[in-house]
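Per-entry structural report
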Amino acid sequence: MNGIGSNSDPACSPAAGPPDPTLLRRWVTAFCIIRFDLERGQVLEKSYPDPPPLPPDKLRLISFSSFPDSMSHHLPHHRSTLHDSLFSFRLPNSNSAQNSNKDPDFYYGFVFNRQRQDPRLPRGGEQKSVVILTHLPFSTVFRLLLQILGPLCFDLGDTALSLVASHVASWPDPVRGAPMELPIGNASLRVHLPPNPECPPPVVQSNPSVPHGLFHDSDLFSSFRGVILHLWNLWELMLIGEPILVIAPTPSQCSEAVSALVSLIAPIPCSVDYRPYFTIHDPEFAHLNSLPSGVAFPPLVLGVTNLFFLKALRNIPTVVSVGSQSANSTRTLQVNGAKLDQLSKFSPSTLFNNIKMRREGPLTLMTEHKEAVWSKYTGCTKPDTAVLNRLVDAGVSSRVEESMSVVNNEILRRHFLELTTNFLAPFGPYFGVNTPIEGNSPFMDPPPVSPFRSAEFLEGLATRGPGKFLAKRMRSNWMDLYRRFMEGKNFMPWFQRRRVAAEIEQQRLWRQARISANIQKLISNMSELERLDLFNSVERYLLREIESYESGARGSVAACDKLKMDLQAVYSVLPKDTQELLVSNPKRASLLQLSATITDSTR
C-alpha cells in the first residue's frame, strides 16, 4: 500500500552533503517555488538546481500551469486563512525530437499550491506553489513527496528544496513494477511503481495495491461518482483514443479526473496526448482554437477549469463535467443527474432540467456547474449493474467518504481491469511464445511470432464472437469497437510493445535451452552433414554471445564458456578433412583454440 512510513519530521535527519545532480536527475528534473506577483505575474522565486535545466519558454509555461486559472469557477470563501491543494500537469518537451536519446518526451509537474487569505495583503491574499518537475509519471511517489515538501517549504523556506533534493539523490534507481521504500530523513515513502510498458504485463493479482498502469492511485470513484453510469462509455472513448474535454471547478479535480481516465484502460498505455491541467497559456491552445469548423478535433484528453474553453473548443465531441464547487461537499451517487434513491420518483422539474441540459449542451455550465456528460459517441458496453450495486454510498460523513472511496475504487478498478483484459484476449495468439521441443536441437532460430493482419483478425473474431464475459456486457455493435480500437492511437504502440516483449521472451527461452542442452546427446543422433550444420549454428550463437559480453550484457560469460565447449565437442567428431578446412579460417581457429583451453580446464 502506498504511504508515508513515519510521521517523523524529515528535516530532523538531513542527508549527508549536497545532492549529486546526476543522481537527482534519475528521479527529478527540478524543484521550484513559484510566487504569484500582482504586478509581474508568476515569478520563479527559487529552484533546485538553480537555475533549473530548462529553457525560458518552458519555465514560463510551467509557471502558468502551477496556479489556478484566473478565469476558473469562483472558489468559495474558506473560513481558514489557508487553503492548500495538490494537482498535476503534463507538458510536451519540444526539444525531445531533436535530442531523442537525452530528453524526455514529456515533463510532469506535481504542484502544492497554497492560497493565504489576509485582509492586510493587497487584494486580501497571496498565492505560492511548490512544484516537483520530473520526467517520470510516478504519481504514487511525487504526491507523497509533495505532502512532505510543500508544508516544509512554507516552514523552513527555500532551504527545504536542497534538503529534500539531497534525500532524493540518495534513492536507488527507479524499479518499475516493483515495491520500493524511499527514505526522506526519518520518514520513508512506501510505494509500488507502475509496470514498464515495454515489458510483458504483470499477471493479474488479487492485491489491489499492485498497479497495472499509470495513476493507479487516482481517485476514480470520487472523480466520476456524479456521472457513474457514463464510466463504461468513457472507457470506450479512452480505448479508441477519442478527444475528451474534462471540466471541473478546480485544478485538483480536473487533473485527478484526467489521471483516472488514463488509468481506466490499464494495462493499455495511453498513447493519446493527455493534459491533466490545461490552460489558455499553453501554445497548443492557439492551434486548437483556430481549427476550422468541420475539421476533426485531434485526439487529446484535456483537463480544464476555465469556462472559456466551452466556447473556444465547442467542436470537441465529448465534454465531461465533474467535481463540486464546494471543497468540503459530499455528493451521493447519481445517475443522469438524479440520486439513486430518487430514481423511482418522477419530478417534472428534473425532467425539464434534463431536457434543457441536452438542448443547451455544455454551455449550461456557464451559469451553473453540474456533473454531466455530453457526447456524440454511442457506446456498446452496458453499465454493469452487479458492479454498481456493490458500490457503497458514503452519505454525509467526510471520514466515511474517504474510506468508502478506497473500497469503491478497488471495486471499479478490478472490474475495468477485467473488462480490458477480456477485450484484449482475442489478440493473445499473436503474442504466443514457441518453446523448443524436447529432444530437438535448440541451435536454430525460433519460428517467427504469428503475423498479424487486421482484416483476417476481424473476420475470425466475427466468427468466434467476443467471448462469454464480453457477450453479456456488450451490445450488437461490439465489432465496431474493435475496429475503432485498431484504427486509434492506442492500438499499434500497445500491440508492437507486446510483440517485442513476446519476441524477447522467446529468444530468452531458446537461449536458455541452448545453454542447458546436452550436446553429446544431440550429436549422437546426427548424421555427418547434420553435425556440420550444428557446428555452424553453435559458432553463430557463440559469436553473438561474445558480442553481447563485449557490450556489457550480464550472464554472457557462462554462456560463452558453455558454447565454446559445445563448439569443441562438435568439432571433435567431424572428419579430419572437414576439421582442416574449418581451421583454415584464422578467426574460427582462434575460437576453437579458446574452446579447447576451456575444455581442458574443466576435465
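Right, let's walk through the structure included here. Treat the numbers as computed from the prediction; the structure is a model and nothing was measured. (Residues numbered from 1 in each chain as written. Predicted model: local features only at pLDDT ≥ 70, side-chain atom pairs only at ≥ 80, totals over all residues. Heavy atoms only, no water.)

As enumerated under the stated definition, the model contains two cavities of 30 Å³ or more in all. Estimated volume of the largest cavity: approximately 40 Å³. Taken together, Pro137, Phe138, Ser139, Thr140, Pro194, Pro211, Gly213, Leu214, Phe215 and His216 make up the lining of the largest cavity. Grouping the constituent residues of the lining of the largest cavity by class yields six nonpolar, four polar and no charged. Taken as a whole, the second largest cavity holds about 30 Å³ of empty space. Taken together, Leu61, Ser65, Arg90, Leu91, Arg275, Tyr277, Phe278, Thr279 and Asp282 make up the full set of residues lining the second largest cavity. Per-class residue counts for the lining of the second largest cavity are four nonpolar, two polar and three charged. (1 Å grid on protein atoms, 1.4 Å probe; cavity = no way out; pocket = protein on both sides within 12 Å on 5 of 7 lines; lining within 4 Å. Points joined across faces, edges and corners; volume = space filled by probe spheres on them. Nonpolar A, V, L, I, M, F, W, Y, C, P; charged D, E, K, R; others polar.)

In total, this model carries 21 salt bridges according to the counting rule given. Two residues, Arg483 and Asp480, come together in a salt bridge whose shortest N-O distance is 3.9 Å. Of this pair, Arg483 and Asp480 are both found in helix H15 (residues 478-487), three residues apart, which corresponds to roughly one turn of the helix. Residue class for Arg483 comes out partly exposed when judged on its relative accessible area of 34%. Across the pair Glu539 and Arg588 runs a salt bridge whose closest N-O atoms are separated by 2.9 Å. Highlighted residues: Glu539 in helix H18 (residues 528-550) and Arg588 in helix H21 (residues 586-602), separated in sequence by 49 residues. Judged by its relative accessible area of 16%, Arg588 is buried. (Salt bridge = Lys/Arg side-chain N within 4 Å of Asp/Glu carboxyl O. Helix = DSSP H or I, 4+ residues; strand = E, 2+ residues; numbered from the N terminus. Buried < 20%, exposed > 50% of the residue type's maximum accessible area, 1.4 Å probe, protein only.)

Scanning the entire structure with this criterion turns up 36 aromatic pairs. Pairing Trp27 with Trp171 gives two aromatic rings, centres 5.1 Å apart and planes at 90°, and the pair type is edge-to-face. Remark: Trp171 occurs in the loop between helix H4 (159-169) and strand E7 (179-184) and Trp27 occurs in the loop between helix H1 (21-24) and strand E2 (30-37); sequence separation between them is 144 residues. In this structure Trp27 comes out as buried when scored by relative accessible area, which is 0%. Assessed through its relative accessible area of 1%, Trp171 is described here as buried. Here the aromatic rings of Phe285 and Phe308 are separated by 6.1 Å at their centres, their planes lie at 65°, and the arrangement is edge-to-face. Residue Phe285 is located in helix H8 (residues 283-289), and its partner Phe308 is located in helix H9 (residues 308-312); the two are separated by 23 residues in the primary sequence. Residue classification places Phe285 among the buried residues on the basis of a relative accessible area of 8%. Look at Phe308 and you get partly exposed, because its relative accessible area is 37%. (Phe/Tyr/Trp six-rings, centres within 6.5 Å; stacked < 30°, edge-to-face > 60°.)

Let us look at the packing of helix H13 (residues 454-464) against H15. Two elements in contact, H13 and H15, have axes separated by 11 Å at closest approach and are oriented at 160°. With respect to their mutual orientation, H13 and H15 come out roughly antiparallel. Relative to H15, H13 is oriented so that their crossing is right-handed. Where H13 abuts H15, its residues Ser454, Phe457, Leu458, Leu461 and Ala462 lie against Trp478, Met479, Tyr482, Arg483 and Met486. Residues that form the contact of H13 with H15 fall into these classes: eight nonpolar, one polar and one charged. (Axes fitted to C-alpha atoms, helices over the stretch in contact; angles between N-to-C directions. Parallel < 35°, antiparallel > 145°, perpendicular 65-115°, else oblique. Left-handed = near helix turned anticlockwise from the far one by under 90°. Contact = heavy atoms within 4.5 Å.)

Attention now goes to the nonpolar core. The biggest cluster of nonpolar side chains holds 116 residues, and the ones touching the most others in it are Trp27, Phe31, Phe224 and Phe427. In terms of residues, this core owes the most to one element, helix H3 (residues 139-156), which gives nine residues. Grouped together as the second largest cluster of nonpolar side chains are 21 residues, Ile523, Val538, Val570 and Leu592 included. (Core = buried A, V, L, I, M, F, W, Y, C linked by side-chain atoms within 4.5 Å.)

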